[in-house]
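Chain residues, written in single-letter form:
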Amino acid sequence: MEKVKNLISLEIRKVLLKPHMFGLAAANIIIFLLSAFTSSLLTQNGNMPAFNGLPPAQLDTVSLALMLVRATLIVWEAVFLCVFIIEEYRNRTISLLYTYPVNRTKLMLAKLLLVCGIMLLFHTVSYIFQYACILLASKYFVFVTFSLGDIWVQAVTAISAIMLGLFPLYVGMIKKSTIATVVSSIVIVVIASNSQGCHAGLLSMPVAATILGIIGIAFSAMALHRMVASDLNN
């Protein structure tokens, strides 16, 4: 365990997180403004239109903002997977790490834990930011609707989104392609944001989110096995 911690500390030095934090702040501001603007349109149009005779869906500003946060961070997670893993395989710099007196499994596990840790931080900061901004805005604008919801449900959906965000690693490792990794994350976002089961997307439903998270873990485990058993000459 101590070796894994040391590996994580070494890996985190490879990437400057400060620019990412500025980017996260900008993304959250855009998400808040977009959510507030969309809420105003939904209010004017009587909320979301009904489908197949169903009543109009009531989508509050918080649900909309958190859906956009999850979608954004799933793609962002794919970018981190490219930086810490895929790029090193493409450039074959991973062979240098394999010279360390640590087995491949612990090395790759450290990278995955680092990515998950960063994304957990990003989700936490983003959720707090959105809740605070929407709560404040709801006091001045009628169309901005605040609902605290179930904190445990939000925690489950956030963790599940992080686990699902590991799925693109499996796709990216097939051809060791950063493009394939990012594109697959966008496809996942489209599927996870499907509003057929819930107006705020599948990831807003704890059961569906948990299933998707398990799928993400399963494919990341297969990707881990592929990485550990891979031949760098191929």
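Residues numbered from 1 in each chain as written. Predicted model: local features only at pLDDT ≥ 70, side-chain atom pairs only at ≥ 80, totals over all residues. Heavy atoms only, no water.

Asks: Outline the nonpolar core, supporting the account with residue identities and numerical values.
Replies: Formed by 43 residues in total, the largest nonpolar core has its most connected members in Phe80, Ile85 and Leu169. Of all elements in the fold, only helix 2 (17–44), helix 3 (61–90), helix 5 (104–138), helix 6 (151–164), helix 7 (167–175) and helix 9 (206–229) reach the threshold of two or more residues within this core. Those residues in contact with Ile85, other than ones at most four positions away along the chain, are Lys111, Leu112, Leu169, Met173 and Met227. In this structure, Ile188, Val189, Ala192 and Ala209 belong to the second largest nonpolar core, which totals 11 residues. (Core = buried A, V, L, I, M, F, W, Y, C linked by side-chain atoms within 4.5 Å. Buried < 20%, exposed > 50% of the residue type's maximum accessible area, 1.4 Å probe, protein only. Helix = DSSP H or I, 4+ residues; strand = E, 2+ residues; numbered from the N terminus. Contact = heavy atoms within 4.5 Å.)

Asks: Outline a nonpolar patch on the surface, listing residues and values.
Replies: The grouping of Leu135, Phe146, Leu148 and Ile151 at the surface amounts to a nonpolar patch, some 340 Å² of accessible area in total. Along the chain, Leu148 falls in the loop between helix 5 and helix 6. (Patch = residues over 30% accessible without salt bridge, like charges linked within 9 Å, V, L, I, M, F, W, Y side chains within 5 Å. Areas by Shrake-Rupley, 256 points an atom, 1.4 Å probe, with all protein chains shown as cover. Salt bridge = Lys/Arg side-chain N within 4 Å of Asp/Glu carboxyl O.)

Asks: Outline helix 9, listing residues and values.
Replies: It helps to recall that an α-helix has 3.6 residues per turn; residues three or four apart then point in one direction. With 24 residues, helix 9 should reach 34 Å at 1.5 Å per residue; the first-to-last C-alpha distance of 34 Å fits that figure. Of the positions making up helix 9, those classed as buried are Ala208, Ala209, Leu212, Gly213, Gly216, Ser220, Ala223, Leu224 and Met227. The elements touched by buried residues of helix 9 are helix 3, helix 5, helix 6 and helix 7. (Expected span 1.5 Å × (residues − 1).)

Asks: An account of the confidence of the model for the chain is requested, with residue identities and associated values reported.
Replies: Mean pLDDT for the chain: 82, with 82% of residues reaching 70 or above. For the chain, the element scoring lowest by mean pLDDT is helix 4 (residues 94–97), at 67; helix 8 (residues 178–192) scores highest, at 91. Note on residues 47–57: pLDDT under 50 across the span, and 13 contacts to partners over four residues away in sequence or across chains. (pLDDT = per-residue confidence, 0-100.)

Asks: Can you explain the pattern of salt bridges? Please cite residues and give values.
Replies: Across all of its chains, the model carries two salt bridges by this definition. A salt bridge links Arg90 to Glu87, with the shortest nitrogen-to-oxygen separation between them at 3.1 Å. Of the two residues, Arg90 and Glu87 are both situated in helix 3; the distance of three residues between them amounts to about one turn of the helix.

Asks: Run through the side chain of Ser184, naming residues and quoting values.
Replies: In this fold, Ser184 is placed in helix 8. Those residues within four positions of Ser184 in sequence are excluded, and the remaining contacts are Pro168 and Val171.

Asks: An account of the environment of Leu113 is requested, with residue identities and associated values reported.
Replies: Locating Leu113 in the fold gives a position in helix 5. Between the alpha carbons of Leu113 and Ile8 there is a distance of 7.8 Å; along the sequence they are 105 residues apart.

Asks: I'd like a description of the side chain of His20, backed by residues and values.
Replies: For His20, the position within the fold is in helix 2. Sequence-distant contacts of His20, that is, excluding residues within four places in its chain, are made with Val15, Trp76, Phe80 and Phe122.

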